[in-house]
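# Observations on the model geometry
Spelled out, the chains give:
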Amino acid sequence: MNPAVVAWPSHGGQASALLARFGLPEHHPLIDFSANLNPLGPPAWVPERLAELVSGLARYPASDYTAACAAIAHHESISPEQVLLTNGGAEAIFLSAALHAGGWAGIVQPTFTEYARACRAYGVAIASTALTGLDFKLEWEALGTTLEECDVMFLCRPNNPTATLISRATIEALLEMARARDCRLVIDEAFVDFIVEDDERLTPLLARFDNLILLRSLTKFYTLPGLRLGYLLANADTVNQARSYQPPWSVNHLAAELVAPLLSDTGFQSRTFRWLREEHSRMAKALGACGLEVAPSRANFFLVRPEPGGETCAALFERLLHSGILARHTHNFPGLEGDWLRLALRDRADNDRLLEALQNVRDA
Ligand SMILES: Cc1ncc(COP(=O)(O)O)c(C=O)c1O
């Protein structure tokens, strides 16, 4: 295939399409900074537990997933009726769109591209607003107008790809404003487990706001994207309605059985927080020192672009690829249009390789 015609892949972790696009061999060695996964995972006990669970594959899973929902409810301090187990955060996004089929959704760009795709799949019309400035702030007035028009607004917290976090106080104000306009907020918190501060958790707001749906993923923090595991939290009626759109046995037996042990693995959680505290602040400074503008990150990844006068983002992406570093391009994020790169936080050795590559590009 002619490399020039290979399209930009729509998600991270798709190295082969990018290698083909740039005419590099299939086995060109790469460190993948394009997928935002916890480098410490999956927890070491997972393979053995999965092997033990294999015998259960000969039966259908119980479709109410009682034990998994109870474990999530305990973890989140809410009732099991407020929990819907899903086939990854992705299924939770599509179920949220299904709830508003034929309606209007607000999407704040740039953000995760699957909200728009899910809306299109269910005939939900989209009204977009934009985050502004280098710190990707919400435009309060524009948001108010959008909420007026919409049945639902999708927000991502922390936001992929900007890594910025809308504060809990702002979310509370938005929920009030949305409630007054009969609008629901769907807040995708696929990366929220990487936020160390407890006072940023939104789960307690479920008790006060019927117009709130929270979406979570277990694939990022526990490094299990191939297993597919996530959940949706809302009031019991909304959960039941979302369940009515879910295919039967949507979550497989292996995934469902891992929920309780994953959520109770406090050792893995503490090790992850230790790594995050050390590497996040180190890398935020070091990336800036490599001649990059860095959007204020509250997640396990960074959105960066070359400082004005430096080389173009496209050239940087290609040179990193040649040096064995796979960054996430931003061509399919409205508002970024390829002018930024997203870089995951990895372990210290890999992060040092990235810094070395960036320094070499700078010195060349
Ligand atoms: C913001 C966001 N939400 C949801 C998902 C989907 O995650 P999952 O693997 O749980 O389906 C992703 C995956 O990249 C994501 O970035």
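These lines cover the structure that appears in this document, whether it is placed above or below. (Residues numbered from 1 in each chain as written. Predicted model: local features only at pLDDT ≥ 70, side-chain atom pairs only at ≥ 80, totals over all residues. Heavy atoms only, no water.)

### Here we look at the sheet that holds strand β6 (residues 184-188)
Strand pairing in a sheet relies on backbone hydrogen bonds, with the paired strands running either antiparallel or parallel. The strand order across the open sheet formed by 7 strands is β2-β8-β7-β6-β5-β3-β4, and the pairing between neighbours is mixed. Taken across any chain shown, the strands that pair with only one partner, and hence form the sheet edges, are β2 (83-86) and β4 (125-130). Ignoring strand direction, the axes of neighbouring strands in this sheet form an average angle of 20°. (Pairing = 2+ DSSP bridges. Helix = DSSP H or I, 4+ residues; strand = E, 2+ residues; numbered from the N terminus. Axes fitted to C-alpha atoms, helices over the stretch in contact; angles between N-to-C directions.)

### Let's talk about the side chain of asparagine 300
Residue position: asparagine 300 is located in the loop between β9 (292-294) and β10 (301-306). Every residue in contact with asparagine 300, bar those within four places of it in the chain, is listed here: Asn36, Leu37, Phe191, Phe194, Trp275, Leu276, Ala344 and Leu345. (Contact = heavy atoms within 4.5 Å.)

### Some words on the nonpolar core
The biggest cluster of nonpolar side chains holds 95 residues, and the ones touching the most others in it are Leu85, Leu155, Leu185, Leu229, Val259 and Leu287. The biggest single contributor to this core is helix α9 (residues 253-263), with 7 residues. Residues Ile93, Ile107, Tyr115 and Ala242 belong to the second largest nonpolar core, which totals 24 residues. (Core = buried A, V, L, I, M, F, W, Y, C linked by side-chain atoms within 4.5 Å. Buried < 20%, exposed > 50% of the residue type's maximum accessible area, 1.4 Å probe, protein only.)

### Observations concerning the packing of helix α4 (residues 88-98) against helix α5 (residues 114-121)
Close contact between α4 and α5 brings their axes to 8 Å; oriented N to C, the two are set at 45°. Taken together, the axes of α4 and α5 are oblique relative to one another. Between α4 and α5 lies a crossing whose hand is right-handed. For the pair α4 and α5, the contacting residues are Ile93, Phe94 and Ala97 in the first and Glu114, Tyr115, Arg117, Ala118, Cys119 and Ala121 in the second. Across the contact of α4 with α5, the residue classes tally to 7 nonpolar, no polar and 2 charged. (Parallel < 35°, antiparallel > 145°, perpendicular 65-115°, else oblique. Left-handed = near helix turned anticlockwise from the far one by under 90°. Nonpolar A, V, L, I, M, F, W, Y, C, P; charged D, E, K, R; others polar.)

### A look at unusual backbone geometry
Glycine aside, negative phi is the norm for most residues, and most peptide bonds take the trans geometry. A cis amide bond links glycine 41 with the next residue in sequence, proline 42, at an omega value of -5°. Tracing the sequence through the fold places proline 42 in the loop between β1 (31-32) and α2 (46-53). In this chain, glutamine 109 is followed by proline 110 through a cis amide linkage whose omega measures 0°. Within the secondary structure layout, proline 110 lies in the loop between β3 (104-109) and α5. Unusually for a residue other than glycine, serine 77 sits at a positive phi of about 55°.

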